[in-house]
Amino acid sequence: MRRHRVGVAASAAIATALVVATAVSLDYAAGEKLARGQAESRLREVERARAAETVERDKAVRHAAFAEGMLGSIDPAVAGEMDTTLMRFVLEGAAERVGADLGAHPEGEAAARTLIGRVYLAIGDAEAAAEHVDRALELRRSLFGAEHVETLAVRALAGQLAHQRGRYADAADELGKVAAGLEAALGPGHPDTLAAENQLGDALHELGRFEDARAVFSDVLSNSDPDDLATRFPHK
């Protein structure tokens, strides 16, 4: 009788264990299914977010390319001879698009504002240029650091801006640093290096530092193509 009770108890324990195991298994399966469903849902959300980000990035690239195509084709050497009223109309429209379309895309915004600032400088509007040059410089410093060639390009504009405002000492100081940075990064004969040195020479000349200006212009002459110099870097 006792043996029978032991057998019954053992059978009951086994049955209980099987029930518990089954319940745990079912609970695990349900949990796994839930986790899988959540993971799939999150994955779909991530894919949608990535797709939306790609669309926005492509949109920013197209807008930046549009601004570059529209403004980059304007030769700064002749922009001052164009109808400034029309030029300002075009630039103001471009600036509005930059603010609306590229605010969340700092690289595109920096590129567009650099172009706008350059053309404003070309038509002699230093105050309008300052807003865009300052913003482009802020963005590129944040993105690349102060000595990256993309930042140096905007710093060169900042030097030109100081020159146009009559702050020749500030212009010479900044353009000297820019020219040295570009020479180190790109070489002494690169067009960007030569342009910065030419602008530095102009600032030194305005300060009455004629020997320093002469040395800078001599470097430009020795490192450039004589046939190209007069058209690329005209003196004023």
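Above this text is the structure in question.
Everything numeric here is computed off the predicted structure, so don't read it as measured data. Along every chain, residues carry numbers that run from 1 in the direction the sequence is written. Given that the model is predicted, a residue must reach a pLDDT of at least 70 before its local features are reported, and side-chain atom pairs must reach 80 or more before they are shown or counted; all residues, however, enter totals for whole chains, interfaces and linings. Each side-chain value is derived from all of the structure's non-hydrogen atoms; neither hydrogens nor water enter the calculation.

**Student:** Just checking my understanding: could you explain the overall build of the chain for this structure?
**Tutor:** The number of helices and strands found in the chain is ten helices and zero strands. Here a helix means four or more residues in a row that DSSP labels H or I, a strand means two or more in a row labelled E, and each is numbered from the N terminus. Ordered by position from N to C terminus, the α and β elements of the chain give α-α-α-α-α-α-α-α-α-α. Each residue is assigned to one of three classes by its accessible area relative to the maximum for its type, calculated with a 1.4 Å probe on protein chains only: buried under 20%, partly exposed between the two thresholds, exposed over 50%. Here the chain holds 236 residues, and 31% of them are scored as buried. Here, two residues are considered to be in contact whenever any of their heavy atoms come within 4.5 Å of each other. For the chain, contacts bridging at least 24 residues in sequence account for 54% of all contacts bridging at least 6. Summed over its atoms, the accessible surface of the chain is roughly 14400 Å², and 56% of this surface lies on carbon and sulfur atoms. Per-residue and other accessible areas follow the Shrake-Rupley method at a 1.4 Å probe size, with only the shown protein chains counted as cover for residues.

**Student:** Please clarify how the pattern of salt bridges should be interpreted in this entry.
**Tutor:** Between side chains of opposite charge, a pair can form as their charged atoms come close. A pairing counts as a salt bridge when a side-chain nitrogen of Lys or Arg comes within 4 Å of a carboxyl oxygen of Asp or Glu. The full count for this structure, using the stated rule, is eleven salt bridges. With a shortest N-O distance of 3.1 Å, aspartate 125 and arginine 88 are connected by a salt bridge. With a gap of 37 residues between them, aspartate 125 in the loop between helix H4 (106–122) and helix H5 (126–144) and arginine 88 in helix H3 (residues 84–101) connect regions that are remote in the sequence. A residue is classified by how much of its surface remains accessible, and aspartate 125, at 17% relative accessible area, is buried. The class for arginine 88 is partly exposed, based on a relative accessible area of 28%. As a salt-bridge pair, arginine 135 and glutamate 109 come within 3.1 Å of each other at their nearest N and O atoms. In this pair, arginine 135 sits in helix H5 while glutamate 109 sits in helix H4, placing the two residues 26 residues apart along the sequence. In the salt-bridge network here, residues are joined through shared partners; they are Glu109, Arg113, Arg135 and Glu138.

**Student:** How do you make sense of H3 when you look at a structure like this?
**Tutor:** Because an α-helix completes one turn every 3.6 residues, residues spaced three or four positions apart along the sequence face the same direction. Multiplying one less than the number of residues by 1.5 Å gives the expected span of a helix. Taking 1.5 Å per residue as the helical rise, H3 with its 18 residues ought to reach 26 Å, and the 25 Å between its terminal C-alpha atoms agrees with that figure. When we look at burial in H3, the residues that qualify are Met87, Leu91, Ala94, Ala95 and Val98. One side of H3 holds all its buried residues, which, seen down the axis, span an arc of 105°. The exposed set on the far side of H3, more than 90 degrees from its buried face, consists of Thr85, Leu86, Phe89, Glu96 and Ala100. To be clear, the arc concerns the directions from the helix axis to the C-beta atoms.

**Student:** Teacher, can you tell me more about the packing of helix H8 (residues 191–206) against helix H9 (residues 210–223) here?
**Tutor:** In a pair of packed helices, the angle between the axes and the distance between the axes together describe the arrangement. Where H8 contacts H9, the two axes come as close as 8 Å, and the packing angle between them is 160°. Judged by the inter-axis angle, H8 sits roughly antiparallel to H9. The two elements H8 and H9 cross, and the hand of that crossing is left-handed. Of H9, the residues touching H8 (which contributes Leu194, Glu197, Asn198, Leu200, Gly201, Asp202, Leu204 and His205) are Phe210, Asp212, Ala213, Val216, Phe217, Asp219, Val220 and Asn223. Residue classes in the contact of H8 with H9 are distributed as eight nonpolar, four polar and four charged. Angles here are taken between N-to-C directions and fall from 0 to 180 degrees, while the axes themselves are lines fitted to C-alpha atoms, restricted in helices to the stretch in contact. Should an angle lie under 35 degrees it is considered roughly parallel, over 145 roughly antiparallel, and from 65 to 115 roughly perpendicular; all remaining angles are considered oblique. Each crossing gets its handedness from the near helix: less than a right angle anticlockwise from the far helix is left-handed, clockwise is right-handed. Amino acid classes used here: Ala, Val, Leu, Ile, Met, Phe, Trp, Tyr, Cys and Pro are nonpolar; Asp, Glu, Lys and Arg are charged; the rest, including Gly, are polar.

**Student:** Would you explain the side chain of threonine 193 in this entry?
**Tutor:** Tracing the backbone through its elements, the reader meets threonine 193 in helix H8. If near-sequence neighbours (up to four positions away) are discounted, threonine 193 is found in contact with Ala179, Leu182, Glu183, Leu186, Gly187 and Pro188.

**Student:** What should I look at first to understand the environment of glutamate 197 in this one?
**Tutor:** Its location among the elements puts glutamate 197 in helix H8. Remark: the alpha-carbon pair of glutamate 197 and phenylalanine 217, spanning 20 residues in sequence, is separated by 7.4 Å. In this structure, glutamate 197 is in contact with Ala179, Glu183, Val216, Asp219 and Val220, ignoring residues within four places of it in sequence.

**Student:** Would you take a moment to explain H8 for this structure?
**Tutor:** Taking 1.5 Å of rise per residue, 16 residues should cover 22 Å, and H8 covers 23 Å from first to last C-alpha, within 8% of that figure. Listed in full, the buried residues belonging to H8 are Thr193, Leu194, Ala195, Ala196, Glu197, Asn198, Leu200, Gly201, Asp202, Ala203 and Leu204. Buried residues in H8 make contact with helix H6 (149–164), helix H7 (168–186) and H9. Two residues or fewer past H8, glycine 208 is found with a positive phi of approximately 80°.

**Student:** Got a minute to help me understand the side chain of threonine 114 in this structure?
**Tutor:** On the secondary structure map, threonine 114 appears in helix H4. Distance and chemistry together define a polar contact, namely a pair of N or O atoms within 3.5 Å, with one atom able to donate a hydrogen and the other to accept it when in protein, and with adjacent residues in sequence counting only for side-chain atoms on both sides. One polar contact links the side chain of threonine 114 to the main-chain carbonyl oxygen of alanine 110, over a distance of 2.7 Å. Ignoring any residue separated from it by four or fewer positions in sequence, one finds threonine 114 in contact with Ala136, Arg140, Val154 and Leu157.

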